[in-house]
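Read off the chains here:
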Amino acid sequence: MDLASRLMIWQELAESCGIATLQQSVQQLWRLLLLCLICRVCFRLGVSSTVKHVMSMLTGMYGLFLFLELHMLWVLLLSLICYLSLLLCRHSSSKGLFLSAVILVYLLIGELHFIDMGTWNKIRGSQMVVAMKVISLAFEQDRRVVTNLPSPAEFLGYVFFVGTVVFGPWISLSSYRNALNAPKLNYSWLYSSLLSLLKSLISLLVSTCIAPYLFPLFVPVYGNSVTQKWLHAYENAVSFHFSNYFVGHLSEGTSMLAGAGFTEDKDNVKWDMSIVKPLSVEMPRSMVLVVISWNIPMSQWLKTYVFKTAMKLGTFPAILVTYTASALLHGLSFHLGAVLLTLGFITYVEHVLRKRLAFILSACILSRPCASDCSHQHKKNLWVLLLNLVFSLLVIFHLTYLGSMFDPGSDEQEVEEGYAAIHTIQRWSELNWASHWIIFACWIFYRLIQ
C-alpha cells in the first residue's frame, strides 16, 4: 500500500469514525459533566453538610438515570440493603466480611434469577463501585478508622457521589468528606479536569478508530497465517486497553470536576488523581506493575481490603482469593473470570521467579524497580537490562494473549450479554494456549532452581 492510498484511508477513517465517535461521546457525556460541575459549585456554597450530602445523592441518582434509566433502581436497592445491613451489624467486629457476603448474595441472585444479562452488564459497573465503597466502609469501621456509622444522608451522598457513581473510581469515605470541603474553583482544578477528559477522548479514538486497523494500515507489518493471528490478537488487546484508559481518564475528569481527587500539602493543593498509567501497561516492567497501573484505586482496594485480610492463608492463596474477589465483583462472566484467574497465576509465577533469580544472580531484576541502595551487586549491567527487557517482552506477549478475546468487531449483542465460554476457549485455542504453556514452563523452572 503506497503512501497516497494510506493517507486517503486515514482521511476516510477520520471522517467516518473519528468525528462520529467524538460527537456521540460528547452528546452522551455533557449532561454528566454539567451535573459534576453543579455538585462542585454546591459544595463551595456556605450550606450545611446535610444539604451537600443530599445534593451529592440527587445529582448522582440523576446521573445514573441518564445512563441506566429505571435500571438504576437496582443500584439504589443494593445501597439500601447495604445500609440496613450496616445497621443490623453495627455492634459486630466483622462488618467487612458480613457486608461482603450480603453483597455477594445480592449480586449472584440478581444476575442468576432477576435481571437479563444485557441489563446486568449495563448496571454492573455502577454496582461494583457501590459495592466497593460499602465494603471499604465496613472494614474501616472494623479497624476503627471510621468510628461511627454515617447518617443516611451522608451514606447515600457517598455511594451516589456524582463524580464516581457512573464510571468510577472507588474513593474512600474520607476522600468524599474532603470533596465536600474542596478548595476553591481555580485554574489548576479546571486544567486538570479538562486534561483528563481530553486524554479520555484520545483513548476512545485510539480504541475505536486506530487499534482495530493497526496492522498494516498504521504500522506496515505483514505476516503469514501464524503471525497474522498474533497481530490480530495484539490489535484486539490494544483496543481493549485503550477502552479501559478511556474509562479511567474519564473517571479522573468527572471525579476532579465534582471536587474529589486532590492532595493537600500545607497550602499547596494538587489536583493529581491518577486512575490509569497507560505507559506502564503498554511498555511494562512486570505484570505486577501492569495490574497496579490498570486501575490504581481498584488495585489499592483489593490490596487493602481483600489481600491483607486473606494473607493469613498464605501468599498464593491470598492472591487467588484477591483475583477471585475481583472476578466476582465483575460478575459471573466466564471470559473475565478466566482472564483474571490466569492473570493471578502469571503475576504469582513471575513474582516468585524474578525474586529467586534476583537472589541467585544478585541482580536488579525484581518485579518492582529496586531502591538505589539495594544489596544487589549487579544493577545496570547490560545483561541485567537485557534480562529485564526479556521479562517485559514476555509481559507484552501475555497481555496480547489475554486481550485477544476482547474483539471490538464482535456481534454487539454478544458484547452486551457477555462473551460465551466457547468464545474464550476458541480464541485461546487459535493461539495454541501459548501463554498458559509458557507460564507453566516458568513455574517448572522456578521449582527446579528453588
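Predicted model only: the values in this text are computed from it and were never measured. (Residues numbered from 1 in each chain as written. Predicted model: local features only at pLDDT ≥ 70, side-chain atom pairs only at ≥ 80, totals over all residues. Heavy atoms only, no water.)

### Overview of unusual backbone geometry
Trans peptide bonds make up the majority, and among non-glycine residues the majority have a negative phi.
Then comes step 1: Geometrically, the link from Gly-168 to Pro-169 is a cis peptide bond, its omega value of 5° lying close to zero.
Then comes step 2: Tracing the backbone through its elements, the reader meets Pro-169 in the loop between helix 6 (152–159) and helix 7 (173–180).
Then comes step 3: We note that Ser-362 has phi near 50°; this positive angle belongs to a residue other than glycine.
Then comes step 4: Within the secondary structure layout, Ser-362 lies in the loop between helix 15 (334–361) and helix 16 (382–403).
Then comes step 5: Even without being a glycine, Trp-433 presents a positive backbone phi close to 50°.
Then comes step 6: You can see Trp-433 is positioned in the loop between helix 18 (421–430) and helix 19 (434–449).
Then comes step 7: Note on Trp-433: relative accessible area 31%, which makes it partly exposed. (Helix = DSSP H or I, 4+ residues; strand = E, 2+ residues; numbered from the N terminus. Buried < 20%, exposed > 50% of the residue type's maximum accessible area, 1.4 Å probe, protein only.)

### Regarding empty space enclosed by the protein
Then comes step 1: Within this structure, the stated rule accounts for three cavities of 30 Å³ or more.
Then comes step 2: Roughly 80 Å³ of internal volume is contained in the largest cavity.
Then comes step 3: Looking at the lining of the largest cavity, its residues break down into eight nonpolar, one polar and one charged.
Then comes step 4: Taken as a whole, the second largest cavity encloses approximately 60 Å³ of empty space. (1 Å grid on protein atoms, 1.4 Å probe; cavity = no way out; pocket = protein on both sides within 12 Å on 5 of 7 lines; lining within 4 Å. Points joined across faces, edges and corners; volume = space filled by probe spheres on them. Nonpolar A, V, L, I, M, F, W, Y, C, P; charged D, E, K, R; others polar.)

### Observations concerning the state of the cysteines
Then comes step 1: On inspection of all chains with the given rule, the structure shows one disulfide.
Then comes step 2: Between the sulfur atoms of Cys-17 and its disulfide mate Cys-209 the distance is 2.0 Å. Between Cys-17 and Cys-209, the S-S torsion sits near -85°, and that sign places the bridge as left-handed. Taken together, the residues span a long stretch of sequence, with Cys-17 in helix 1 (residues 3–44) and Cys-209 in helix 8 (residues 187–210) at a distance of 192 residues.
Then comes step 3: Unpaired in this structure, Cys-364 has its nearest cysteine sulfur neighbour in Cys-374, at a distance of 3.5 Å.
Then comes step 4: Of all cysteine sulfurs, the one in Cys-364 lies closest to Cys-370, which takes part in no disulfide; the gap is 3.6 Å.
Then comes step 5: When its relative accessible area of 25% is taken as the criterion, Cys-370 is described as partly exposed. (Disulfide = S-S within 2.5 Å.)

### Regarding the layout of surface pockets
Then comes step 1: Empty space within the second largest pocket amounts to approximately 430 Å³.
Then comes step 2: Listing elements by their share of the lining of the second largest pocket, those giving two or more residues are helix 4 (95–114), helix 5 (117–142), helix 13 (296–310) and helix 14 (315–329).
Then comes step 3: The element that contributes the greatest number of residues to the lining of the second largest pocket is helix 4, accounting for six residues.
Then comes step 4: When grouped by side-chain class, the residues that make up the lining of the second largest pocket number 16 nonpolar, three polar and no charged.

### Brief notes about the side chain of Thr-254
Then comes step 1: In this structure, Thr-254 sits in helix 10 (residues 225–258).
Then comes step 2: Classification of Thr-254 by relative accessible area gives buried; the value is 2%.
Then comes step 3: Here Gly-163 takes part through its backbone oxygen, which lies 2.9 Å from a polar atom of the side chain of Thr-254.
Then comes step 4: Each residue touching Thr-254, except ones within four places of it in the same chain, is listed here: Leu-32, Leu-33, Cys-36, Gly-163, Gly-168 and Leu-197. (Polar contact = N/O pair within 3.5 Å; in protein donor to acceptor, adjacent residues only side chain to side chain. Contact = heavy atoms within 4.5 Å.)

### Some details on the pattern of salt bridges
Then comes step 1: What the rule picks out here adds up to three salt bridges.
Then comes step 2: A salt bridge links Glu-154 to Arg-177; the nearest nitrogen and oxygen atoms lie 2.6 Å apart. Of the two residues, Glu-154 sits in helix 6 while Arg-177 sits in helix 7, which places them 23 residues apart along the sequence.
Then comes step 3: Residue Glu-154 is classed as buried on the basis of its relative accessible area of 11%.
Then comes step 4: Taking the relative accessible area as the measure of exposure, Arg-177 reaches 34% and is therefore partly exposed.
Then comes step 5: In this structure, Glu-350 engages Arg-354 in a salt bridge whose closest nitrogen and oxygen atoms are separated by 3.6 Å. You can see Glu-350 and its partner Arg-354 sitting in helix 15, four residues apart, about one turn around the helix.
Then comes step 6: Of the residues examined, Arg-354 reaches a relative accessible area of 0% and is grouped as buried. (Salt bridge = Lys/Arg side-chain N within 4 Å of Asp/Glu carboxyl O.)

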